[in-house]
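Coordinates in review
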Protein chains: 2
Amino acid sequence: MEKTNGKLRVVIEGVKPEIDGGRFPVKRAIGEEVVVEADIFADSHDVLSALLLYRREGDKEWREVPMTSLVNDLWRGAFTVTELGQYRYTIKAWVDPFASWCQGLKKKVDAKQEVGLDLLTGAELVESAGKRAEKADAVALLGWADKLKTREVPEATRVGLVLSEPVAQLMAKYVDRSTATLYAKELAVLVDRPKARFSAWYEMFPRSYSAIPGQHGTFKDCETHLPYIADMGFDVLYFPPIHPIGKTCRKGKNNALEVGPDDPGSPWGIGSDGGGHKAVHPQLGTLADFRQLVARARELGLEVALDLALHCSCDHPYVKEHPEWFRRRPDGSIQYAENPPKKYQDTYPLNFEGENWRELWEELKSIVLFWIEQGVRIFRVDNPHTKPFRFWEWLIGEVRAQHPDVVFLSEAFTRPKIMHYLAKLGFNQSYTYFTWRNTKWELVQYFTELTQTQEREYFRPNLWPNTPDILHEYLQTGGRPAFMARLVLAATLGANYGIYGPAFELGVNIPREKGSEEYLNSEKYEIKYWNLESPGNLKNFIARVNRIRRENPALQHNWSLRFHNLGNDQLIAYSKSTASFDNIILVVVNLDPQWTQSGWVELPLSEFGLSAEVPYIAHDLLHDAQYEWRGPRNYVELGTTKVAHIIRLQPQTI
Amino acid sequence: MEKTNGKLRVVIEGVKPEIDGGRFPVKRAIGEEVVVEADIFADSHDVLSALLLYRREGDKEWREVPMTSLVNDLWRGAFTVTELGQYRYTIKAWVDPFASWCQGLKKKVDAKQEVGLDLLTGAELVESAGKRAEKADAVALLGWADKLKTREVPEATRVGLVLSEPVAQLMAKYVDRSTATLYAKELAVLVDRPKARFSAWYEMFPRSYSAIPGQHGTFKDCETHLPYIADMGFDVLYFPPIHPIGKTCRKGKNNALEVGPDDPGSPWGIGSDGGGHKAVHPQLGTLADFRQLVARARELGLEVALDLALHCSCDHPYVKEHPEWFRRRPDGSIQYAENPPKKYQDTYPLNFEGENWRELWEELKSIVLFWIEQGVRIFRVDNPHTKPFRFWEWLIGEVRAQHPDVVFLSEAFTRPKIMHYLAKLGFNQSYTYFTWRNTKWELVQYFTELTQTQEREYFRPNLWPNTPDILHEYLQTGGRPAFMARLVLAATLGANYGIYGPAFELGVNIPREKGSEEYLNSEKYEIKYWNLESPGNLKNFIARVNRIRRENPALQHNWSLRFHNLGNDQLIAYSKSTASFDNIILVVVNLDPQWTQSGWVELPLSEFGLSAEVPYIAHDLLHDAQYEWRGPRNYVELGTTKVAHIIRLQPQTI
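Residues numbered from 1 in each chain as written. Chains lettered and ligands numbered in written order. Predicted model: local features only at pLDDT ≥ 70, side-chain atom pairs only at ≥ 80, totals over all residues. Heavy atoms only, no water.

1. Some points on the overall build of chain A
On a plain count of helices and strands, chain A comes out with 14 helices and 30 strands. If you line up chain A on its principal axes, its C-alpha atoms span 110 × 65 × 45 Å. Out of the 654 residues belonging to chain A, those deemed buried represent 59%. When contacts within chain A are restricted to residue pairs at least 6 apart in sequence, long-range pairs at least 24 apart make up 75% of them. Looking at charge distribution, chain A has the averaged site of its 78 positive side-chain charges lying 1 Å from that of its 85 negative ones. (Helix = DSSP H or I, 4+ residues; strand = E, 2+ residues; numbered from the N terminus. Buried < 20%, exposed > 50% of the residue type's maximum accessible area, 1.4 Å probe, protein only. Contact = heavy atoms within 4.5 Å. Lys, Arg positive; Asp, Glu negative; His and termini not counted. Charge placed at Lys NZ, Arg CZ, Asp CG, Glu CD.)

Right under this line is the structure:
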C-alpha cells in the first residue's frame, strides 16, 4: 500500500499515438500537428479535466494544452511541432471537485430543490482555493466565499455568482492538482524538416553524363545536366555510390563474371587502392568538384542525396587495414556475400558479430559524418535489413543528435515487419512495395494500410515505379501509357516519390531476359549515353505533374488519402485534401495501358463541402481542362494518350 | 553505445496476449492454455530459434517451450496453467548459426556446388559447441568435428553426417545463447479455479423463504430450500447482503420514503446498532447458522456467494466509530449519496479521499477476510465503479495473495471502458450489457466483441437476463417464451450466467410502472412468499438447460463462439465447440415471443469435421429429438412453446 497513493482517482490509458508502448517515437515534419487521444476516466460521476503536456527534448517546462472530452471517455488534444529534433508529450488529468459540484448545483436548481446548504459547501471550496491563491486572486476568492455564506444575499444571487465565468476561471486556475494522475510514459516525436514528408527524387548515375559518348562522365558534366532535372521539378538528386570501384572481382556488362578492360564495374563495388567510403571515384573528379556540384544543385533547388552502402569490394582498404571486420573462411580467405546457392564474390559483407563491433560502428558513423561535412544531408541506405537493427538505431540517433536535418531513406525491399521495424528505429523515409503493386485491388489495399493505420505514424513511404534493379513487367509490356500511369500514381499517392532516370522518362523497358526484372545492359555495369530528346519522352509530362504537386498542398501529405468508387477495375480514383478542404485533388488513373476505359466516379460531396444541388468546377490540372460537374456521380473516360486526370475540385465562385 | 550489446540481432515484438503493454495480467482458469504469439525476426536471412518461457510466480526457474514459426515472422507457443495464483511468461530468441549454415549447405548440395570448404566451416561450428559441451556430448561433438575435417572421408558421407539428426540435436543443446534476445517484459497470467470460467448462479433473498407467509425467513429455512436450487442445476447461490439493516432512513415498499413498522428495509441498507458488514441480520439467524448453511449448500454442489456493498446506512456503527470515513456537510451532518437531482438519504458513501484512506482500506479488506473465514469464496461486488480503481486493485491483490481461490464478480453497469478497466484490475467475472441486448444484431455485435477480441483475455462475462433491479421490457411483454429464450441465450452464450429467482423461473414480469425496469413490489423492499409450483414455471426447463451445460464441454468456454447465417432476423443461430471438435453444440433461438419463425441454418461443415455428402446427426438435447441432417443448409422452425434448439452435431456412427 505504501507504493500507491489511494487518492489518485483518474485513469489515463489507450493513448494514441503510442508506438509499441512508447518504445519508438512517432514522426512529424515541422509544421505538422500531433493529435493525441486517450481514454480518461475516474470512478463515480465527477467532472474531470485533462491537459496534454509537451516540450522539446531538453526543455525543462512542459507546455500545456487543454484536452477535450469527445464521447465515451475519449479525450483529444493537439499541438504543432515547430522545431527540428525530438519532442516529448504526456497527459495529466484530475478530478475537478468544484466543477463537479457546480454540475450538481445546476441540476438541483433546475429541479427547484433547496440549495442553501449546497451553497455553503461551494463557499468552502472557493475558500480553500482562496487559501492556495496569490494576492489579488486570493482577495477575490475569499470575498466570493464570504458572499456565498451570507444568508442575507438572496439564494438566486449567490447561485448566479458561484456559477459565473470569473469564479469558474479563478477556480480552474487554483484547482488542486495534488491528486492529478500523470500518464506513466513520456512519448516521443521525431521532428524532421518538411522535405522528409514531401520530396521528388531523381536517381542518376553521374558517370553517364559525359558530352562524349562512351567516355566516363564527371561531376562537372553533371553540373551541366542539372537544369534538365530541375526543370522537371525534382528536388532531390540521388547518386548511387560515387566511390572508387574495386577491380579484383569486378563484374562485367549485365553482371557477367568475365570483365573487359573497359568495364567500369558496379558503383556498389565500393573500394579500391584509391580509397573506400570516404573517397571519390577519380574519374568523377575531386572532392572539391563534388562539393561544387552540391552547391550548384542547391542553387537550382536540388539537394544531392548519397548512397550509403555498407559493404566492401575485395580491394577496399578496410580489407587490409581491418581484417577483423570481416569473416574468414577456414582457408584464410575472406567470406564473400552469399544467399545460397547464389554467390556474390565481389562483395565482402562487414561482420557485425565480431569482437570489434564497437570500432566498426564508430568507423561507419565517421563515414556519414564525413559526407555531412561535404554538404550532404540525405542518405539513401542500401539494404539496411542485412545489418543489425541496433546498429541503425544507434547510428541514426547519433547522427541526428548533431544534425537533426539529416534524412535517411531505407532501401529495405524485404518482409513487411522488417521494413516497419527499420522505420520505427528512425529511418525518415522508406521504400515500399509500390513497385510491385499494379492492380487496383493491390493499390487500394496497400495504400489504405500505409495511410489509414498506425503504420503512418512512423513509416513514411517513398514510391518508386522503377529503380536500377527493378523494371517491373507492367512497364516492360505496357509502353508509354504504363509509364505515365505509374508516374501519376507514384507522384500523387505518395507525397514522397522518385524515379530512376533517364531510363524512366525515356521509357526504357527491355529486360535482361524474359521473366527478369533486371534491365538489359543495365547502367549498373556500364556507362550510358542517353538521348534525352528522343521522341515520346516524358520530360514535359513529369514537369507538369511535379508542378501540380508543388502548387497543391493536398498532394504534399498522405493521411487524407481516400479511394472512391468508380465501378471499373481498370480505373482507380482517389482524393487528397487539406484539413480545411480548401484544396481538394481528385486523381483518376487508367491502369489499362491498352484500351480506353470509362466509369462514373462517386464523390462524398458533403464531406468535401460541395453541394449536391449546385454545379461545381472540376479543373483537370494535367490537361488544363475545366468541367462543370453536378452531383456525386460524374462520368470519366481515359485512354492510352490521356491516361490520367488530376482534378482540382472547387465550388463555383459566384 | 555502452548501454547496448551490438551483437543482439533478434527482435521480439507484437507479443500477444499482452494487455496495455503488460500493465495487466491475462486471465485463465486451471487447465486452460495460454497461446502466445509474437513477431520474431533478425536482420539478414539466418535461421532463428525461439522459446516461450513460463513459470509460476515465485518459482526461480523458467520452464521452456519451443515456439514454432508460422508465416511472415509470426511465431507461436503455448503452455497450460495447472495451479492457482499467478504465472509469468516471456520469450527468448536467438540466431542459430549452425542451423543457418546447414540451410545454406543443403541449398549448395542441391545445386551440386563444391562444399569442401563449407564442411570445414561446419567442423569449426561443431568443434566450438564441443568445447561448450559436457563430457560424453563433448566427446561426440569433437569426434564429429574431426571426421568433418578429414578429407579422406568422402564428401557425401561428411554432408550426411553434419546434416544428421544426432548432430542437429546436440548442436541445438549446446547452441550459444549468449547473444539471445530476452523479451523486455515478463507478462502475467492470473489463474483462477474452473468455477471462475464456468458457473451457473442463482440469486435469492434468504428472508423470503419462511414456511409461514409474511414471516421473516431464516438461514435454517434456506437450508430446506437448497435441494430446489440444486435440482435446477445451479452451482453458485448468491445472497444480497445478509447484514443488519438500518432503521433511521429505511425505505418502505417500492422504495417509498414512508416506511411502515413491518417494512424490513432493503438488504443494501447495511448497518444498525446490531452491527455492520461483519454481522448477520438477527432475524436471519446466527453466524453459526450461516456457516451451517454454507456447509449444507456445499454438500449439494452449491457454493454460497455474498454481496460486497461498501456503503453504509445511517445507523452503521462506522458512522459513530469512524466519522472521519465520511464526508460532512457544512451543517455537520453526513453527506448522503446523491446523483443530482436524485438523493439517496438512506445511503452514506464512504469517503475514499479522506486523510485516513489507509485505515479505511484496511478495514474494508478485513470485511472480506472475515467472510472468507466463514467459508465464503465468491463475492459479488456492488457498484465497484463508485469506489476508486486503485482500491480494487489493491484489495483483490491482497486477498488473492492469501486466497487465490477467491472469485470477485464486478457489478459495474456503467460505461464500457470503466467496466473493462475493473476487469483488468482483477475482477474475475463481470456483469455485462447482455441484460439489454435482445435483438439479433445487438447480440451478434456484442458477443463477437466479448469473445473474439482482446477483451476476452481479461473480461469474463457473467450473463443475467434479470436482476432484482432490472426487469427488461422484453421480459415484461414477452411472456413465457421470452423467459425461455433469454434463459437459453444466457446459459449458452455465456459459460457464466445467473438468474434472480424465483422471480425468473416463475415468470414475474410486472414493472413498478410503465417505462420502468423496476419490479412492482420489489423483493428489495419486502418479504416475499413464493409459490414455487405455480403453473407454467420454468423449473424443469432450467434444470434441463443446466444439465446440458454440464454434459457438454463446448458450453463451458466462450472463445469458440461463432454465429451462423440463417436468413431470418428473428432466429439467431450460433455454435460452440471443443478444440478437438468432439463436442459441437449448435444453438438456435426464436427471439420472437409472439410468432413461429423458420429459416435455413448454414453450417461450416468442413470446419466441424463433418462431411457435406454424408448425413450427420443433429441431436436436439433440449427436446431429446434426433434429426438426420445432410449438407450445410438445414431447415429449422421454432415457435412460442418450443423456442430453442440446443443441438449436438455428430457424425453418424457406422
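2. Let's talk about the pattern of salt bridges
For side chains bearing opposite charge, pairing can occur when the charged atoms are close. Taken as a whole and judged by the stated rule, the model has 92 salt bridges over all chains. The closest approach of N and O atoms between Glu398(A) and Lys365(A), which form a salt bridge, is 2.6 Å. One end of the pair, Glu398(A), is in helix α10 (residues 389-402); the other, Lys365(A), is in helix α9 (residues 357-373), with 33 residues separating them in the sequence. We classify Glu398(A) as partly exposed; its relative accessible area is 29%. Relative accessible area serves as the criterion here: at 10%, Lys365(A) is assigned to the buried category. As a salt-bridge pair, Lys185(B) and Glu18(B) come within 3.0 Å of each other at their nearest N and O atoms. Taken as a pair, Lys185(B) in the loop between β9 (181-182) and β10 (187-192) and Glu18(B) in the loop between β1 (10-16) and β2 (26-29) lie far apart in primary sequence, 167 residues in all. (Salt bridge = Lys/Arg side-chain N within 4 Å of Asp/Glu carboxyl O.)

3. So, the state of the cysteines
Two cysteines, two sulfur atoms, one covalent bond between them: this is a disulfide. Residues and elements named next belong to chain A. Counted according to the given criterion, the structure contains two disulfides over all chains. Put simply, Cys249 and Cys314 are joined by a disulfide, and their sulfur atoms are 1.9 Å apart. Here Cys249 and Cys314 share a disulfide; its torsion about the S-S bond, -140°, makes the bridge left-handed. Here Cys314 lies in the loop between β14 (311-312) and α8 (317-321) and Cys249 lies in the loop between β12 (236-239) and α7 (287-299), a separation of 65 residues in the sequence. (Disulfide = S-S within 2.5 Å.)

4. A word on the domain arrangement of chain A
When the domains of chain A are assigned, the result is domain 1 (11-96 + 180-191), domain 2 (115-173), domain 3 (244-279 + 315-349) and domain 4 (440-460 + 478-654). Each of domain 1 of chain A and domain 2 of chain A was reduced to a C-alpha centroid, and the two centroids are 32 Å apart. (Domains from an automatic or database assignment.)

5. Description of the side chain of Arg158(B)
Residue and element names in this part refer to chain B. Position of Arg158 among the secondary structure elements: in helix α4 (residues 155-162). In this structure, Arg158 is buried with no salt-bridge partner, the nearest side chain bearing the opposite charge being Glu155 at 4.8 Å. Non-local contacts of Arg158, meaning those with residues more than four positions away in its chain, are made with Leu119, Lys147, Leu148, Lys149, Thr150, Arg151 and Val153.

6. Comments concerning the interface of chain B and chain A
The partner chain A presents 55 residues to the 56 residues of chain B that form the contact. With both sides pooled, the region where chain B packs onto chain A buries about 5600 Å², and carbon together with sulfur makes up 55% of that total. Counting across the interface, chain B meets chain A through twelve salt bridges. Asp73(A) is paired through a salt bridge with Arg415(B); the nearest N and O atoms lie 2.7 Å apart. (Buried area = accessible area lost by both parts, 1.4 Å probe.)

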